[in-house]
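A closer look at the structure
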Amino acid sequence: MYDAIIIGGGVVGCSIARALSRYQLKLALLECSEDVCTGTSKANSAIVHAGFDAEPGTCKARFNVEGSRTMEALCQTLDVPYRRCGALVVCFDPADRPRLETLLERGRKNGVEGLEILEGEALHRREPALDQRIPAALYAPTSAIVCPFELTAAMAENAQHNGAEFYFDTCVDTVERRSDGTFVLHTDHGSFESRVVISAAGVYGDVIHNQLCPQQPRQIIPRRGEYCLLDRKDGALVRHTVFQLPGPMGKGVLVTPTVHGNLLLGPTATDQESKETTATTSAGIDLLLATAERSVPHLPTRDIITSFAGLRAHLSDGADDFVVGESAPGFYEALGIESPGLTAAPAIGVYLAQQVAARLGAAEKSDFDGTRKAIVCVRSLPFAQRKALVEAHPAYGQIICRCEQISEGEIIDAIHRGARSLDGVKRRCRAGMGRCQGGFCAPRVMELLSRELDIPQTQLTKSGKDSLLLTGHTKEVQAQ
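Summarised in this report is the structure supplied together with it. (Residues numbered from 1 in each chain as written. Predicted model: local features only at pLDDT ≥ 70, side-chain atom pairs only at ≥ 80, totals over all residues. Heavy atoms only, no water.)

Things to note about the packing of aromatic side chains
- Applying the stated criterion across every chain yields a total of 5 aromatic pairs.
- Seen from their ring centres, Y167 and F192 are 4.8 Å apart, and the 70 degrees between their planes marks the pair as edge-to-face. Here Y167 is found in strand β9 (residues 165-167), whereas its partner F192 is found in strand β12 (residues 190-199), with 25 residues between them in sequence.
- The buried category is assigned to F192, whose relative accessible area is 9%.
- Between Y227 and F308, the aromatic rings sit 5.0 Å apart at their centres with planes inclined by 10 degrees, giving stacked as the arrangement. Linking Y227 in strand β13 (residues 220-230) with F308 in strand β18 (residues 304-315), this pair joins segments that are 81 residues apart in sequence.
- An aromatic cluster is present here, built from Y2, Y167 and F192 joined pairwise through their rings.
- In this structure, K275 packs its charged tip against the face of Y204, placed 5.6 Å from the ring centre.
- The side chain of R294 reaches across the aromatic face of F92, ending 3.9 Å from its centre. (Phe/Tyr/Trp six-rings, centres within 6.5 Å; stacked < 30°, edge-to-face > 60°. Helix = DSSP H or I, 4+ residues; strand = E, 2+ residues; numbered from the N terminus. Buried < 20%, exposed > 50% of the residue type's maximum accessible area, 1.4 Å probe, protein only. Lys NZ or Arg CZ within 6 Å of the ring centre and 35° of its normal.)

Considerations on the environment of L212
- Secondary-structure assignment places L212 in helix α6 (residues 205-212).
- Distance from L212 to V175, taken between C-alpha atoms, is 7.3 Å for residues 37 residues apart in sequence.
- Those residues within four positions of L212 in sequence are excluded, and the remaining contacts are V175, R177, F183, A328 and F331. (Contact = heavy atoms within 4.5 Å.)

Here's the deal with helix α11 (residues 422-429)
- Most of α11 sits inside the fold, with 8 of its 8 residues counted as buried.
- Following α11 by one or two positions, R430 has its phi on the positive side, about 75 degrees.

Focus: the state of the cysteines
- Evaluated as defined, the whole model comprises 1 disulfide.
- Residue C32 pairs covalently with C171 via a disulfide, S to S 1.8 Å. Here the S-S torsion is close to 70 degrees, and the disulfide linking C32 with C171 is therefore right-handed. Of the two residues, C32 is situated in the loop between β2 (27-30) and β3 (47-48) and C171 in the loop between β9 and β10 (172-177); the sequence distance between them amounts to 139 residues.
- Residue class for C32 comes out partly exposed when judged on its relative accessible area of 32%.
- This cysteine, C377, is not joined by any disulfide, and C429 carries the nearest cysteine sulfur, 9.6 Å off.
- Overall, the relative accessible area of 27% leaves C377 in the partly exposed class. (Disulfide = S-S within 2.5 Å.)

Things to note about the sheet that holds β3
- Read across the sheet, 3 strands follow the order β3-β8-β4 without closing on themselves; strand pairing throughout is antiparallel. Both outer strands of the open sheet, β3 and β4 (82-83), are each paired with one neighbouring strand and no more.
- Pairing of β3 with strand β8 (residues 144-146) involves 2 bridges; the strand directions are antiparallel. Residue pairing in the sheet places I47 in a bridge with I145 of β8. (Pairing = 2+ DSSP bridges.)

Things to note about the nonpolar core
- By size, the foremost hydrophobic cluster in this structure holds 54 residues, and its most contacted members are V12, L20, L151, F166, I198 and I348.
- Looking at which element gives the most residues to this core, the answer is helix α8 (residues 341-360), with 10 residues.
- Once residues lying within four places of it in the same chain are set aside, the contact partners of I348 are V12, F63, F322, V324, A334 and I337.
- Core analysis: the second largest hydrophobic core is formed by 23 residues, A137, Y139, L289 and V296 among them. (Core = buried A, V, L, I, M, F, W, Y, C linked by side-chain atoms within 4.5 Å.)

Read these as layout, nothing more, since geometry by itself doesn't imply function.
Quick look at the structure:
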């Protein structure tokens, strides 16, 4: 019997796990995929939003601003890349300036610091890459960028370090509430018992909700957003995250640098029925590029190294707010967490953990350790430190991924921290994230996965489940 079980290993679920691991509780997290950060958390804009967009007084506004204010310190504690680059929300017509004023006023009501509207020369001096015809923009200096993969993995590692248990490839089919108020979670890998259940199930959050709250049914509409990622040589094209005025489908297409030096464009917004389909489309990419070039003309689209899509958990009831809290006795949830979900995740985690701990009467641990060290980045080390590291551990001197300069030692570290697939390694240490997208390093990464996990390469996957990389041998294997 667990005290609390979390459903979902995205950034919100892992934030809840880390926050709850501060308390004296027997805690578990169940994730349907083979690793953390395999759903919405791996395919988003990687923006720490300032908090000017959400309607004042909503959960979305509260957790956005709280998360934004605490993100930098959290990233320092967990050794995660973070950069405060600021954001600009541009308008293309002077007639739309009142909409910027509305965002400015909304942001000030939400407590966002430093907001101002820039015009003319002052605007284009701050962001020279903008289309010169853009008349004005809202400037938000507290907006930042972060690595969503590393943030999610870091919170999971820290939660596990503090006693939380993680179960992967474990899909929750049904949740049953017993007469004594405890729960049984039936999964494809057996049943789990718990005093409290916390759902952070993303696009499947409505399925869990409707089992336990049938009198208040909810529906999640998966909203697909397509992105393009450009080579690292283009990462300095813009200095800020450049938004366009938000519309009915969200914050719209942005152009932004990333913490790893790339340039990111996206997302589009298309509602769909499928909770699994994340394919990109030629029409979607064409629309994305045309829209992005309204903000920043002459984008070097020949440098696109990959495109991808993610699904946002959009609630169909039109309320346009997060659902966070206790929805039924002993059942807590973070439902409908779309943008700015990444920013809000740390604040949501703390809020739900405090509620659950109060319900269970759990005291804080005296030995809680909130710190975590990242996988060493050989490429960024000063020469003397790199030399000493390689002399002590020669695997860090063997470069496997040439595009990103990732060593064998970093890949082994990623595997030992939980990577079980090619994408798991990619998200944890960036092997395969570069210009060739794993075209050269994938076979060597597979060799290391096979060796460190002690499984044949024919059982390795790209991203878990049925995504096998190899189907068999082309030649008969000779007996040794």
